[in-house]
Amino acid sequence: MKRTVSFLLAMCLLLTAGITASAEDVSIPDEELSTEDIPLGGVGETLPSMVPSWKVLKNVSMSFYILAGKADVFYTVSSSSPKITVTVEIYKNGLFPKKITEKSFPTADRKYVSGSLSVPVTEDGTYTVKLTVVSGGDRHVMKRECSYRAADYIGDVNYNGQIQADDARRVLRYAAKLDRMNADMKKVCDVDCNGHVNAADARIVLRRAARL
Ligand SMILES: [Ca+2]
Ligand SMILES: [Ca+2]
């Protein structure tokens, strides 16, 4: 089944009917491009990085967040070269940063790739993901940092111990100001930790609910 129903439509359906979304229901819109690769702290963030047009690598974007004991990395890469190698490393920071995982995703005959990596995170702390992309002699590195505290229950808006479509629906209702939100609830809903509760937070929760 093709992913024909847009993300906005999925959100509208969630708002009006509270249905459970499936992977096929979700179409993720393109992120707004930024000319700088600015590291931000927080539970998670999505910041694309625009590579100069004369480079072989045209665009690299990554999101990283930790919800309910699982760290997720999503990336997209486009290049003028059909050979792209993406390497994802995740570290637990501290006095001696500890590598949690490292995985490479080499591709051939494709100028655009997207993928994800998901690993369990059981200990509270600050985690860093390092994305390294190599294509046609170009090399681009992005880093993102996320803090995780199991007690925060980030994204579990209805406090039932699970991340489900109903949590995304509630985030969206707060974002649309249909429900009033206190400071504690704002912290739970602001999944990408940018200080605002909006559709982007609901999208992240919905992705987790749909196990994307
Ligand atoms: Ca929940
Ligand atoms: Ca947010």
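Details of the structure are given in the entry above.
Residues numbered from 1 in each chain as written. Chains lettered and ligands numbered in written order. Predicted model: local features only at pLDDT ≥ 70, side-chain atom pairs only at ≥ 80, totals over all residues.

Colleague: Help me understand the overall build of the protein chain in this model?
Modeller: Scanning the protein chain from N- to C-terminus turns up four helices and eight strands. Counting from the amino terminus, the protein chain carries its helices and strands in the arrangement α-β-β-β-β-β-β-β-β-α-α-α. Counting over 212 residues, the protein chain shows a buried share of 33%. Taking contacts inside the protein chain between residues at least 6 apart in sequence as the whole, the part at least 24 apart equals 59%. (Helix = DSSP H or I, 4+ residues; strand = E, 2+ residues; numbered from the N terminus. Buried ≥ 20, exposed ≤ 12 C-beta atoms within 10 Å, placed from the backbone. Contact = placed C-beta atoms within 7 Å.)

Colleague: Is there a simple way to think about helix 2 (residues 165–175) in this case?
Modeller: Since the α-helix advances by 3.6 residues per turn, residues separated by three or four positions end up pointing in the same direction. A large share of helix 2 lies buried, amounting to nine of its eleven residues. Residues of helix 2 that are buried: Ala165, Asp167, Ala168, Arg169, Arg170, Val171, Leu172, Tyr174 and Ala175. Just past helix 2, the residue lysine 177 takes up positive phi, approximately 60°.

Colleague: Explain the sheet that holds strand 7 (residues 125–135) here, please?
Modeller: The pairing of strands in a sheet comes from backbone hydrogen bonds and takes either a parallel or an antiparallel form. Read from one edge of the open sheet, four strands run 5-4-7-8, paired in antiparallel fashion. A single partner strand is all that each edge strand has here, and the edge strands are strand 5 (98–107) and strand 8 (138–148). Strand-to-strand, the axes of this sheet are offset by a mean angle of 15°, without reference to chain direction. As defined by bridge partners, strand 4 (residues 84–92) adjoins strand 5 across nine bridges and the pair is classed as antiparallel. Counterpart to valine 86 in the pairing with strand 5 is phenylalanine 105. (Pairing = 2+ DSSP bridges. Axes fitted to C-alpha atoms, helices over the stretch in contact; angles between N-to-C directions.)

Colleague: Got a minute to help me understand the nonpolar core in this structure?
Modeller: Core analysis: the largest hydrophobic core is formed by 42 residues, its most contacted members being Ile66, Val133, Ala168, Val171 and Val205. At the level of secondary structure, the elements contributing two or more residues to this core comprise strand 2 (57–67), strand 3 (70–79), strand 4, strand 7, strand 8, helix 2, helix 3 (183–189) and helix 4 (199–209). Sorting elements by how many residues they give to this core places strand 2 first, with seven residues. Residue assignment places this core across two domains, with domain 1 (7–27 + 153–209) and domain 2 (44–148) each supplying three or more. (Core = buried A, V, L, I, M, F, W, Y, C linked by C-beta atoms within 7 Å. Domains from an automatic or database assignment.)

Colleague: Explain unusual backbone geometry here, please?
Modeller: For residues other than glycine, phi is negative in most cases, and the peptide bonds are mostly trans. Backbone geometry places aspartate 109, a non-glycine residue, at a positive phi of 65°. Mapped onto the elements of the fold, aspartate 109 is located in the loop between strand 5 and strand 6 (112–120). Positive phi values are uncommon outside glycine, yet tyrosine 159 reaches one of about 55°. Here tyrosine 159 shows up in the loop between strand 8 and helix 2. By the C-beta count within 10 Å, which is 9 here, tyrosine 159 ends up exposed.

Colleague: Whenever I open this one, the environment of alanine 150 confuses me. Can you help?
Modeller: Here alanine 150 lies in the loop between strand 8 and helix 2. When the C-alpha atoms of alanine 150 and leucine 67 are compared, they prove to be 8.6 Å apart, with 83 residues separating the residues in sequence. When neighbours within four sequence positions are excluded, alanine 150 is seen to be in contact with Gly69 and Asp124.

Colleague: Can you walk me through the pairing of strand 3 in this structure?
Modeller: If a strand is regular, its side chains alternate between the two faces of the sheet. As judged from the ten bridges shared by strand 2 and strand 3, these two strands associate in the antiparallel manner. Following the sheet pairing, leucine 67 is matched in strand 3 by lysine 70. In sequence, strand 2 turns back onto strand 3 through a hairpin of two residues, with alanine 68 there showing a positive phi of about 45°. Judged from the nine bridges that link them, strand 3 and strand 6 form a sheet pairing that is antiparallel.

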